[in-house]
Structures are given as structure tokens and as C-alpha cells.
Amino acid sequence: MFCYQCSQTAFETGCTVKGVCGKEATVARLQDNLLFSMKGISAYLYHSRELGYTDPEVDQFLEKGFYSTLTNVNFDPAEFVELAKESGMMNIKAMQLLKKAHIETYGEPTPTEVKVGSVKGKGIIATGHSLKALEELLKQTEGTGINVYTHSELLPAHGYPELRKYKHLKGQIGGPWFDQKKTFSNYPAAIVGTSNCVLIPKDDYKERMFTVGVAQLPGVTHIEDYDFTPAIEMAKSLPDLEDEPRDTVLTTGFGASTILALAGKIKELVLAGKIKHFFVVGGCDSPKPQAKYYTEFVKNLPEDVIVLTLACGKYRFNDMDLGNIEGVPRLIDLGQCNDAIVGIDVVVALSDLFEMEINDLPLTFVLSWMEQKAAAILWSLLALDIQNMYLGPIVPGWVNDEILKVLVDNYGLTPIGDPKEDIKKMLG
Ligand code: FSO
Ligand code: SF4
């Protein structure tokens, strides 16, 4: 634990073993966990509010949750576990709200092929999660001759009809959030960071980087009121990007209705033994060497399984051509991390389709954890009582032995191991 929230704190620097106030280490860690989860919920609420959507019930929960972590309010580990589960349910509501906002504003996403790489001309690269910021950027660059590219978690934007209608939305540059220093150095484009997962820029692109909304970086111009004039002027002043081969094509934009339209076919294929298992492989990508697990995992799967994926963890394998099983794609990109709600909808629909409990379905979740926001999604899945999920590349730092025991005993949460061995266990 580490807590320095009051003046009683040990040695006036921080309580690290047990609180002077009596707070146990596990309670301190569960408080941190709840805060992480609520930060995740806040991110989704923020992007919903950008589009004019709010949910007072979730706001009310945040008040209670934050208040619970104030000094000397709540010392009970059991109630903190309950609050974490409640945060998971509230995160489901927040993700539903954001999905509704995205669909009502930009149309239902449909599968869309996105070319990777630049074309000759001026360019702006947009990274992060905010579709609202991307839309404003597209509106303001229309007719200027500037091409717009997505990076990292904005890839799924191409699936939405009201965004891909812009002809100058040319494709994708780079991969997950952590390649940005190398990627942004390599392309003479203006860059716009629209949410979390911006990194302190290198000097060679700092001047041509901009932030908008919640994202801010020292010495980087912040765009106010979605007026992208400074980024547009910067892009015009820069050299052209060059034509690249653009052989890599990524498919994104599978919404719930596209997948559910295949329900009859999926049922037929499962009953005929042609689809043996479903995997949800997703979450945050991280630069840790252990994250290679996800590439190896998907590469080694047998051909009669379907992989649903989402968030930036997909960059470990989304350039693989897994083909299809009689017209049902084997790799289905549901979108951003907040589109975990689509994954949940699909899993619930599968459970209805086969008249089985979710935990009895031939289905395994293989999650990758990197940052705080993912705690909200993990707790959403736990709140739905989804059992036997695999988690990597490392177990979250706030999890001590006592918390891990609860997660293992109550939910069968398993740290990832060797990809081939794990596949055997999952399919066995
Ligand atoms: Fe990745 Fe970052 Fe979207 Fe996360 S870009 S790591 S939890 O913010 O959310 O998937
Ligand atoms: Fe230490 Fe408790 Fe104060 Fe935190 S609230 S600094 S654990 S005494």
C-alpha cells in the first residue's frame, strides 16, 4: 500500500505497511482499485458528454464511490469488493451510454477495410479515443487538401458511416499507443492527441503536436473549443507525406447488429461442429515483452475457432488473415475498449442462442491489462460473474496476494502462461 492522504501518515511521508489510522493494506489497495475503475467510468462519461449524453445514475455512483475513499470513511474490505462490483455494473451503463452516443451520432458501424500507410500530400494524424474530436477535425479539414489518418484507438472510427463518408479520412498510420514516438517522428504530419495514451513528445515533433479535450502535454499547443485552426495551419506548413505501398489492410467496425445478423449461421456451424470455440482476446497493448503472448496465442489457435477482439490489444494480431468459416469471419474487431459493451452484448446473445449460461458456453476471455481504465472493464466482467478468464501480460500492481486469492477463488481468474499450453487447457 501507499497512502499519504492525511497528516497522521507514517513518518510524515506515507503509510506503506498499515495505516496509522488502522487502514489495512488490502483496504488501501481496494480503494486504489475502486479509484482506477471510477477513472475508467469517467473517461467513458466524458466522451459521452462530448456528444451530449449523460446518465445521472452513474454520476450518483461516482459521488458515492469517491466519497468512500476519503480519509476515515470506510475501512471494510468486503464492502470495497462490493463497490468494485457496483463500479463494474456502472461501467456497463457508461459503456452503453457511449455506444448509444456513437451510434446515434455517427450511425451503426459496419465492417470496413482500412489501409495502413500514407498517401502523397499534407497530413494530420489523430490518436486517442474521441470520435467527436475526429469529426470536428474532419469537418474543418474538408476541402483543404489535408488528409487525415487515425492512429491507435481511433482505428474503429472508420467503421462509422458518418465518419468514413469523409473522403480525406485516408487510413491508419502506426499501431498501438506506445509506438507513437517512433511513428510521429517518421511522418511530417501535424498530430492531434484526443484522449489518454498520449506520451510526452520527442523534440522532433513537439512543435507539430496538439492536444484537445482532456489531453494536455507540457509545451504542446492545446486546441480550445475544437477549433483546429492551429493544427491545420501547421499541417499546411509541413512537407508532404509520401506514397507508401499500403499493402496492409485492417478490418474494423463489427457492430452488434452485423454479428447478430449472422446468429442463425453461427448456430448452424456450431451444431455441425465447424465452430468449436469463441475467444474474446482484447484489452490494452503494452510494450512489455510478455505481451508477445497474444500474438502467439492467436497464431496458434486451431482453424475452427472465432476470435472477437477490441481495444489496442488487437494490434498484436489484427494484421493476420484468419479467413472465415463459411462466411463467418474468424477475426472480428468490435472497436475501442469501450466497445467491450458490444462483446458483452454478443456473449449474452450467444447465451440466448444456445440456451446456455454464459459460463457454460464454449467461450474464453483472454484479457490484456495495461492501465487504470481497464480495471473498470475487468470489474464489469466480474460483476457479470464471468468465470475462468485469463489475464496478462502481468497481474495488475494493485492486486496483492489476498486480493488475488479472492479473484482466483471466486472467479477462477488465471494469469496467462504459455500460449500453446493455455490453448490446450481452454479447449480441453
Ligand atoms: Fe489502449 Fe490506452 Fe483503449 Fe486503454 S489506447 S490502453 S485501457 O487507453 O483504452 O485500448
Ligand atoms: Fe495513513 Fe490512514 Fe492517513 Fe492514509 S488515511 S495516510 S493510511 S493514516
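All values derive from a computational prediction rather than experimental measurement.

Peer 1: Can you help me understand the overall build of the protein in this one?
Peer 2: Scanning the protein for helices and strands turns up 15 helices and 16 strands. Relative to the 2.2 N^0.38 estimate, which gives 22 Å for 428 residues, the radius of gyration of the protein is 22 Å and therefore close to what a compact globule would have. Considering only C-alpha atoms, the protein reaches an extent of 60 × 60 × 40 Å along its principal axes. The buried share among the 428 residues of the protein stands at 57%. In the protein, once contacts between residues fewer than 6 apart in sequence are set aside, the share between residues at least 24 apart is 71%. Accessible area of the protein: about 17900 Å², with a carbon and sulfur share of 52%. The positive charge centre, built from 41 side chains, and the negative charge centre, built from 56, are 4 Å apart in the protein.

Peer 1: Could you clarify how one ought to interpret the packing of aromatic side chains in this entry?
Peer 2: In this description, an aromatic ring pair is defined by two values, namely the gap between the centres and the angle between the planes. The full count for this structure, using the stated rule, is 7 aromatic pairs. Between Y106 and Y160, the ring centres sit 6.4 Å apart and the planes meet at 75 degrees, which makes this aromatic pair edge-to-face. Here Y160 lies in the loop between β3 (147–151) and α5 (161–164) and Y106 lies in helix α3 (residues 77–106), a separation of 54 residues in the sequence. Take Y106: its relative accessible area is 0%, and that puts it in the buried class. Given a relative accessible area of 3%, Y160 falls into the buried group. Clustering of aromatic rings is evident, with ring pairs tying together F279, Y293, Y294 and F297. Its guanidinium or amino end placed over the ring of Y226, K132 lies 5.3 Å from that ring's centre, counting from NZ or CZ.

Peer 1: Mind showing me how you'd approach the sheet that holds strand β15 (residues 390–392) here?
Peer 2: Across a sheet, strands are paired by hydrogen bonds formed along the backbone, either parallel or antiparallel in direction. Read across the open sheet, the 6 strands follow the order β13-β10-β9-β14-β15-β16; overall the sheet is parallel. Unpaired on one side and paired on the other, β13 (331–333) and β16 (414–415) mark the two borders of the sheet. As judged from the 2 bridges shared by β15 and β16, these two strands associate in the parallel manner. Residue L391 lies in a different strand from β16, and its bridge partner there is P415. In the packing of helix α11 (residues 292–299) onto the sheet, contacts are made with β9 (277–283), β14 (363–368) and β15, and the angle to β14 comes to roughly 155 degrees.

Peer 1: Would you mind showing me how to read empty space enclosed by the protein here?
Peer 2: Picture a little ball the size of a water molecule; that probe, rolled over the atoms, points out where space is still empty. Across all of its chains, the model carries 3 cavities of 30 Å³ or more by this definition. Taken as a whole, the largest cavity holds about 340 Å³ of empty space. Considering the residues around the largest cavity, the lining is formed by 31 residues, among which G283, C284, A311, C337 and I377 are closest to the centre. Here the element with the most residues in the lining of the largest cavity is helix α13 (residues 373–383); it accounts for 5 residues. When grouped by side-chain class, the residues that make up the lining of the largest cavity number 19 nonpolar, 9 polar and 3 charged.

Peer 1: Sorry, what's going on with helix α4 (residues 131–141) here?
Peer 2: The α-helix advances 3.6 residues per turn, and as a result positions three or four apart in sequence lie on the same side. Burial within α4 is extensive, with 9 of its 11 residues counted as buried. Listing the buried residues of α4 in full gives L131, K132, A133, L134, E135, E136, L137, L138 and T141. In the segment just after α4, G143 is the residue with positive phi, at about 80 degrees.

Peer 1: How should helix α10 (residues 263–271) be read in this particular structure?
Peer 2: Of all the residues in α10, the buried ones are A263, I266, L269 and V270. Here the buried residues of α10 occupy an arc of 125 degrees about the axis, which is enough to place them on one side. The exposed set on the far side of α10, more than 90 degrees from its buried face, consists of G264 and L271. Contacts made by the buried residues of α10 are with α9 (256–260), β9, β11 (324–325), β12 (328–329) and α12 (340–353).

The rules behind each value
- Residues numbered from 1 in each chain as written.
- Chains lettered and ligands numbered in written order.
- Predicted model: local features only at pLDDT ≥ 70, side-chain atom pairs only at ≥ 80, totals over all residues.
- Heavy atoms only, no water.
- Helix = DSSP H or I, 4+ residues; strand = E, 2+ residues; numbered from the N terminus.
- Rg over C-alpha atoms; globule rule 2.2 N^0.38 Å.
- Buried < 20%, exposed > 50% of the residue type's maximum accessible area, 1.4 Å probe, protein only.
- Contact = heavy atoms within 4.5 Å.
- Areas by Shrake-Rupley, 256 points an atom, 1.4 Å probe, with all protein chains shown as cover.
- Lys, Arg positive; Asp, Glu negative; His and termini not counted.
- Charge placed at Lys NZ, Arg CZ, Asp CG, Glu CD.
- Phe/Tyr/Trp six-rings, centres within 6.5 Å; stacked < 30°, edge-to-face > 60°.
- Lys NZ or Arg CZ within 6 Å of the ring centre and 35° of its normal.
- Pairing = 2+ DSSP bridges.
- Axes fitted to C-alpha atoms, helices over the stretch in contact; angles between N-to-C directions.
- 1 Å grid on protein atoms, 1.4 Å probe; cavity = no way out; pocket = protein on both sides within 12 Å on 5 of 7 lines; lining within 4 Å.
- Points joined across faces, edges and corners; volume = space filled by probe spheres on them.
- Nonpolar A, V, L, I, M, F, W, Y, C, P; charged D, E, K, R; others polar.
- Arc of directions from axis to C-beta.

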